[in-house]
Amino acid sequence: MSESDFYTFFTGGLGLLIAAALLIAWQLWRLRDDERDGALSALEGVSHELRINLQRMVNEVAQIAANHEAGPDALLPIRHPQLDGVNSTMIRANRNAIAVVGATYQELEARKMGLRATLAQGRDPSTSLDDAMDAVINGIATLYMWEVHDGARPADAGTVRSWHVRDWMKSHGFSQNALPGMYLRDEVVERLRAYGLDLTPQPLTHTAHEYYNMQYDRQADIHGPLGRRKPPKAVEDDDIADEDDDEPAIAKGGAGTAEADLH
């Protein structure tokens, strides 16, 4: 083999190696993108799944509250295959948030089983309905943190306007009067605030009269730099001297008058 043939063979082999390396890198890049898209789809599926289960439970609770004679068949079992799939695979996700979603499902299932048993025994379902509605409020709060704040803890989510939460609920079909005897959106906002989410504006705790009475400082109002009241005007030394000069004159005048009266 001549030297030119050797260099030709070497150059061709090196080109084939480069092409093979690029092909492998491209395949790995595609696999990585497919895995990322699959993970995002699975996490979106968890959100959609929880939302559907909550909406169905809201309708079931409202139906039973309107008709206490409804049977246990009105409550369908809760299924969450998307969450089970995420838990069974090594998807990179916020595992703390996944655990919170799982705990939310456990609470929903427990409350639904208790309500189903109450209806089967023919007892008054009022207490079980209250427990089920409380679980629904917790579930909607969990769904909000999962969808909007990527499952962050409420204390770490920063400041949020309360009307953002209400608009989010409205977009998902959770109406204000969805559950009987309460305002659902107000309850969810207060539940999120109780969990540590910084929601503004803060609720009013005092009337205007009480608030301004708490803030009013009488001494600061009198002596403060911007106080509306002015301190009493200081008496000048000249005025004091004039008053001292007048007193003897008055006394002498008084004595002279007395002597005139005697004569």
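Just above, that's the structure.
Residues numbered from 1 in each chain as written. Predicted model: local features only at pLDDT ≥ 70, side-chain atom pairs only at ≥ 80, totals over all residues. Heavy atoms only, no water.

**What to know about the overall build of the protein**
Each helix and strand in the protein was counted, giving 9 helices and 2 strands. From first element to last, N terminus to C terminus, the protein shows the α and β order α-α-α-α-β-α-α-β-α-α-α. Looking at the 263 residues of the protein, the share that counts as buried comes to 29%. Look at the contacts in the protein between residues 6 or more apart in sequence, and 68% of them connect residues 24 or more apart. Total accessible area computed for the protein in this model is approximately 17900 Å², and 56% of it derives from carbon and sulfur atoms. (Helix = DSSP H or I, 4+ residues; strand = E, 2+ residues; numbered from the N terminus. Buried < 20%, exposed > 50% of the residue type's maximum accessible area, 1.4 Å probe, protein only. Contact = heavy atoms within 4.5 Å. Areas by Shrake-Rupley, 256 points an atom, 1.4 Å probe, with all protein chains shown as cover.)

**Some points on the pattern of salt bridges**
Any two side chains of opposite charge can pair, given that their charged atoms come close. Evaluation of the coordinates by the stated rule reveals 7 salt bridges. Close ionic contact of Arg51 with Glu147 constitutes a salt bridge, the shortest N to O distance being 2.7 Å. Of this pair, Arg51 sits in helix H1 (residues 3–66) while Glu147 sits in helix H4 (residues 126–148), and the two are 96 residues apart along the sequence. The exposure class assigned to Arg51 is buried, which follows from its relative accessible area of 16%. Taking the shortest distance from any N to any O, the salt bridge between Asp186 and Arg166 comes out at 2.4 Å. Residue Asp186 is located in helix H6 (residues 184–194), and its partner Arg166 is located in helix H5 (residues 162–171); the two are separated by 20 residues in the primary sequence. Residue Asp186 is classed as partly exposed on the basis of its relative accessible area, which comes to 28%. (Salt bridge = Lys/Arg side-chain N within 4 Å of Asp/Glu carboxyl O.)

**Details of unusual backbone geometry**
Cis peptide bonds are those with omega within 30 degrees of zero, and the linkage from Thr200 to Pro201 qualifies with -5 degrees. The residue Pro201 is located in the loop between strand S2 (198–200) and helix H7 (208–215) in this model. A positive phi is found at Asp150, a non-glycine position, where the angle reads about 55 degrees. In this fold, Asp150 is placed in the loop between H4 and strand S1 (159–161). Overall, Asp150 belongs to the exposed group, its relative accessible area being 59%.

**As for helix H3 (residues 95–121)**
Quick reminder: α-helices carry 3.6 residues per turn. Residues three or four places apart thus point the same way. The end-to-end C-alpha separation of H3 is 39 Å, in line with the 39 Å expected for 27 residues at 1.5 Å each. The set of residues buried in H3 consists of Ala97, Ile98, Val101, Gly102, Thr104, Tyr105, Leu108, Lys112, Leu115, Thr118 and Leu119. Its side-chain oxygen at 3.2 Å from the backbone nitrogen of Asn96, Asn94 defines the N-terminal cap of H3. Where H3 ends, the next residue or the one after it, Gly122, has phi of about 75 degrees, a positive value. (Expected span 1.5 Å × (residues − 1). Polar contact = N/O pair within 3.5 Å; in protein donor to acceptor, adjacent residues only side chain to side chain.)

**Brief notes about the packing of aromatic side chains**
What the rule picks out here adds up to 1 aromatic pair. Aromatic pair Tyr144 and Trp168: ring centres 5.3 Å apart, planes at 75 degrees, arrangement edge-to-face. On the criterion of sequence distance, the pair formed by Tyr144 in helix H4 and Trp168 in helix H5 is long-range, its members being 24 residues apart. Trp168 gets classed as buried once you look at its relative accessible area, which sits at 10%. (Phe/Tyr/Trp six-rings, centres within 6.5 Å; stacked < 30°, edge-to-face > 60°.)

**Regarding the side chain of Ser162**
As for its position among the elements, Ser162 is in helix H5. Excluding residues within four positions of it along the chain, Ser162 makes contact with Val189, Leu199, Thr200 and Pro201.

**Comments concerning the packing of helix H2 (residues 81–88) against H3**
The N-to-C vectors of H2 and H3 enclose an angle of 145 degrees; their axes lie 11 Å apart at closest approach. When you trace H2 past H3, the crossing you get is left-handed. Note on element contacts: H3 touches H2 through Arg95, Ile98, Val101, Gly102 and Tyr105, opposite Leu83, Val86 and Asn87. Residues that form the contact of H2 with H3 fall into these classes: 5 nonpolar, 2 polar and 1 charged. (Axes fitted to C-alpha atoms, helices over the stretch in contact; angles between N-to-C directions. Left-handed = near helix turned anticlockwise from the far one by under 90°. Nonpolar A, V, L, I, M, F, W, Y, C, P; charged D, E, K, R; others polar.)

**Regarding the side chain of Arg193**
With respect to the element layout, Arg193 can be found in helix H6. Relative accessible area serves as the criterion here: at 18%, Arg193 is assigned to the buried category. A polar atom in the side chain of Arg193 sits 2.8 Å from the side chain of Glu190. A distance of 3.4 Å separates a polar side-chain atom of Arg193 from the backbone oxygen of Leu199. With near-sequence residues (within four places) excluded, Arg193 lies in contact with Leu199, Pro201, Gln202 and Pro203.

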